[in-house]
Amino acid sequence: MKARNMAQCALFAALLTLCGWISVPMGDIAFTLQTFGIFLTLGLLGGKWGSAAILVYLCLGIAGLPVFSGFQGGLGVLLGVTGGFLWGFLLCGLSYWLLSSAFGKKWSLLWAAVSMVLCYGCGCIWYYAVFAGASDLGLGAVILKCVVPYLLPDALKIYLSWQLSRRLMRYIK
């Protein structure tokens, strides 16, 4: 079973890479399908192995492979403008794992939404602490820039990934 789980981790890390490559630039933060991939991964692999797949994805990026949006890789991306959101993906996985373990998978759509809010928080805090302070951009302006334009698309991606994972679950297990 462990070999199968590790193979699924690798496969879903590749899926996250593909989702990151599908992007539309929107200023500092591109619109990508990464959140779709994150929640499809969590929906199909569960919190434990989904978080492992996200960690593999981040490690591949740290190693310099071009797995992030814009075919970028390297530690500089994780320390750049969108680094907080990338680290937030791991927080998504871990929080989804914690919530679904503690309260059950029945509420998985709610756990995904809560996890996405934590990812937004991680991304906004990073952006504000590292980049907005130099430009005297307030926290409200950071939220308007980093969260508001992505709320509806991310909600749609979460819902679609949830629906797809429900349909594909029988083929994964």
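Since the structure is predicted, the reported quantities are computational estimates derived from the model, not experimental observations.

Draft legend 1. Inspection of the overall build of the protein at higher detail. A count of helices and strands for the protein gives seven helices and two strands. Walking the protein from its N terminus toward its C terminus, one meets helices and strands in the order α-β-β-α-α-α-α-α-α. Taking 2.2 N^0.38 as the reference for a compact globule, 173 residues should give roughly 16 Å; the C-alpha atoms of the protein span a radius of gyration of 16 Å, in line with that estimate. Evaluated residue by residue, the protein yields a buried proportion of 43% over its 173 residues. Across the protein, the fraction of contacts at a sequence separation of at least 24, relative to all contacts at a separation of at least 6, is 65%. Accessible surface, the protein as shown: approximately 8900 Å² in total, 74% of it carbon and sulfur.

Draft legend 2. Up close: the packing of aromatic side chains. Scanning the model with the defined rule gives four aromatic pairs in all. The interplanar angle of 40° and the centroid separation of 5.9 Å between the aromatic rings of tyrosine 159 and tryptophan 162 together place this pair among those described as tilted. Separated by three residues within a single helix, tyrosine 159 and tryptophan 162 lie in helix α7 (residues 151-172), roughly one turn from each other. Take tyrosine 159: its relative accessible area is 40%, and that puts it in the partly exposed class. Of note, lysine 157 hangs over the ring of phenylalanine 31, and the distance from its end group to the ring centre comes to 4.5 Å. The side chain of arginine 166 reaches across the aromatic face of tryptophan 162, ending 4.6 Å from its centre.

The rules behind each value
- Residues numbered from 1 in each chain as written.
- Predicted model: local features only at pLDDT ≥ 70, side-chain atom pairs only at ≥ 80, totals over all residues.
- Heavy atoms only, no water.
- Helix = DSSP H or I, 4+ residues; strand = E, 2+ residues; numbered from the N terminus.
- Rg over C-alpha atoms; globule rule 2.2 N^0.38 Å.
- Buried < 20%, exposed > 50% of the residue type's maximum accessible area, 1.4 Å probe, protein only.
- Contact = heavy atoms within 4.5 Å.
- Areas by Shrake-Rupley, 256 points an atom, 1.4 Å probe, with all protein chains shown as cover.
- Phe/Tyr/Trp six-rings, centres within 6.5 Å; stacked < 30°, edge-to-face > 60°.
- Lys NZ or Arg CZ within 6 Å of the ring centre and 35° of its normal.

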